[in-house]
Amino acid sequence: MIGRYLANGLGMVALLTVLVGLYLALVYAPADTLQGDVQRIMYIHVPTAWVAFFAFFVVFVSSLVYLWKRLPEADRLAYASAEIGVLFTGLTLIDGSIWGKPTWGIWWTWDARLTTTAILFVIYVGYLMLRSFVDETDRRARLAALVGIVGFIDVPIIYMSVLWFRTLHQPPSIQRGGASMPDTMLFTLLLNVGAYTLVYLFFLVKRVRLESLNAIAEALIAEKAVHD
Amino acid sequence: MTNVGYIIAAYVITLGTLALYGLQLWSRLRAMERQLATLATDEGLYYGRR
């Protein structure tokens with residue numbers, strides 16, 4: 001019961017932070033000198049991309065833990081995080097496309113950053129499809145863990161793609177040497193990154209609970225079938 | 001489409017999709033809790049009969 005209150009509290013904090021982030025992004029932050037107001041799309045594009053990468057990092061780590069310890073909880077965490085990661089990757093591609101049209105003049109191009117992100121989306125849609133194709137629980141978890149680990153290789157490639165290849169996409173907004181933007185923009189961006197990370201954590205808690213309840217239901221059904 | 005149109009489209013799609021996913025997740029959780037309650041009742045009846 002306490003867990004449920006904590007999860008709902010997390011949801012409320014996430015919602016509040018998203019609303020504050022929305023105000024900062026649309027009202028408080030100054031317009032970009034080159035791109036004008038359309039640059040405000042950055043305040044959702046970068047956070048959704050960050051959350052997608054983080055979600056797949058969670059898949060990567062939980063998959064390793066599953067293969068090492070064979071914990072069903074680790075498999076459930078990986079599955080939940082992969083589903084949310086796919087959602088955020090899809091949003092990153094859509095936001096990026098909407099931002100690309102007024103700044104580059106095109107909705108889509110087979111540029112290194114865009115293509116590797118599209119590949120990431122396909123890999124994890126494949127991960128979810130694989131899970132629905134395999135019935136046997138342990139085999140499904142093992143195969144999914146392999147895809148979850150190998151698929152994560154694409155994340156650093158996406159990050160480095162703007163540095164390794166000639167691309168239309170701008171370089172990372174925040175790098176080791178500092179940020180290439182004024183403090184007001186940086187604050188707005190970081191707050192939005194925090195807000196969408198909280199949304200991810202809230203979804204993750206709920207999605208993991210759904211998987212745990214599903215496991216209990218499957219066990220009850222199996223037990224009932226044995227007795228019948 | 002004007003610049004404002006692109007901004008509105010991006011924000012509405014992102015926030016709308018997240019809200020819909022949240023609602024769908026909540027609905028799946030409610031359905032699963034109901035299914036579990038039914039299964040647990042059936043189980044109780046089964047052991048009660050024995």
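No experiment lies behind these values; they were computed from the predicted model shown.

Moving on, we get to the overall build of chain A. Secondary structure summary: chain A contains seven helices and two strands in total. The N-to-C order of helical and strand elements in chain A reads α-α-α-α-α-α-β-β-α. Taking the principal axes of its C-alpha atoms as reference, chain A extends roughly 70 × 40 × 30 Å. Buried positions account for 39% of the 228 residues belonging to chain A. For chain A, long-range pairs separated by at least 24 residues make up 76% of all intrachain contacts whose partners lie at least 6 apart in sequence.

Across the boundary between the two partners, chain B contributes 24 residues, which contact 29 residues of chain A. Across the side of chain B that touches chain A, the residue classes tally to 15 nonpolar, five polar and four charged.

A general tendency of soluble globular proteins is for nonpolar side chains to be buried together. Within the largest apolar cluster, 62 residues are counted, with the highest numbers of intra-cluster contacts made by I41, A55, A78, V199 and Y200 of chain A. The biggest single contributor to this core is helix α2 (residues 42-69) of chain A, with 16 residues. Setting aside its immediate chain neighbours within four residues, V199 of chain A contacts A14 and V18 of chain A together with L18 of chain B.

Time to look at the packing of helix α4 (residues 112-133) of chain A against helix α5 (residues 137-151) of chain A. Residues and elements named next belong to chain A. The interhelical angle for the contact between α4 and α5, taken along N-to-C directions, is 175°, at an axis separation of 9 Å. The pairing of α4 with α5 is recorded here as roughly antiparallel in orientation. Two secondary-structure elements touch here, α4 through I123, Y124, G126, Y127, L130 and R131 and α5 through R140, L143, A144, V147, G148 and G151.

Attention now moves to unusual backbone geometry. It is generally the case that most residues other than glycine have a negative phi and that most peptide bonds are trans. Residues and elements named next belong to chain A. With a phi close to 60°, R70 is a non-glycine residue in the positive phi region. Within the fold, R70 resides in the loop between α2 and α3 (72-104). Residue classification places R70 among the partly exposed residues on the basis of 13 C-beta atoms within 10 Å.

What follows is about the environment of T103 of chain A. Residues and elements named next belong to chain A. Position of T103 among the secondary structure elements: in helix α3. Measuring from C-alpha to C-alpha, the distance between T103 and V38 comes to 8.2 Å, with 65 residues separating the pair along the chain. Discounting chain neighbours no more than four positions away, the residues touching T103 are Q35 and V38.

Counting through the fold element by element, V20 of chain A comes out in helix α1 (residues 2-28). In sequence terms V20 of chain A and I84 of chain A are 64 residues apart; their C-alpha atoms lie 22 Å from each other.

Let us now look at α4 of chain A. Residue and element names in this part refer to chain A. The end-to-end C-alpha distance of α4 is 31 Å, a good match for the 32 Å that 22 residues give at a rise of 1.5 Å each. Within α4 the residues assigned to the buried category are R113, L114, T117, L120, I123, Y124 and Y127. As for α4, its buried residues are in contact with α2, α3, α5 and α6 (154-164).

The predicted model of chain B averages 86 in pLDDT, with 82% of residues at 70 or higher. Across the interface, the model reports ipTM at 0.90; the global pTM reads 0.92.

Here we take up the packing of α2 of chain A against α3 of chain A. Residues and elements named next belong to chain A. Contact pair α2 / α3: the axes reach a minimum separation of 7 Å and the direction vectors enclose 155°. Taken as axis vectors, α2 and α3 run roughly antiparallel relative to one another. Where α2 crosses over α3, the two elements pack in a sense that is left-handed. When grouped by side-chain class, the residues that make up the contact of α2 with α3 number 18 nonpolar, nine polar and three charged.

What counts, and at which threshold
Residues numbered from 1 in each chain as written. Chains lettered and ligands numbered in written order. Predicted model: local features only at pLDDT ≥ 70, side-chain atom pairs only at ≥ 80, totals over all residues. Helix = DSSP H or I, 4+ residues; strand = E, 2+ residues; numbered from the N terminus. Buried ≥ 20, exposed ≤ 12 C-beta atoms within 10 Å, placed from the backbone. Contact = placed C-beta atoms within 7 Å. Nonpolar A, V, L, I, M, F, W, Y, C, P; charged D, E, K, R; others polar. Core = buried A, V, L, I, M, F, W, Y, C linked by C-beta atoms within 7 Å. Axes fitted to C-alpha atoms, helices over the stretch in contact; angles between N-to-C directions. Parallel < 35°, antiparallel > 145°, perpendicular 65-115°, else oblique. Expected span 1.5 Å × (residues − 1). pLDDT = per-residue confidence, 0-100. Left-handed = near helix turned anticlockwise from the far one by under 90°.

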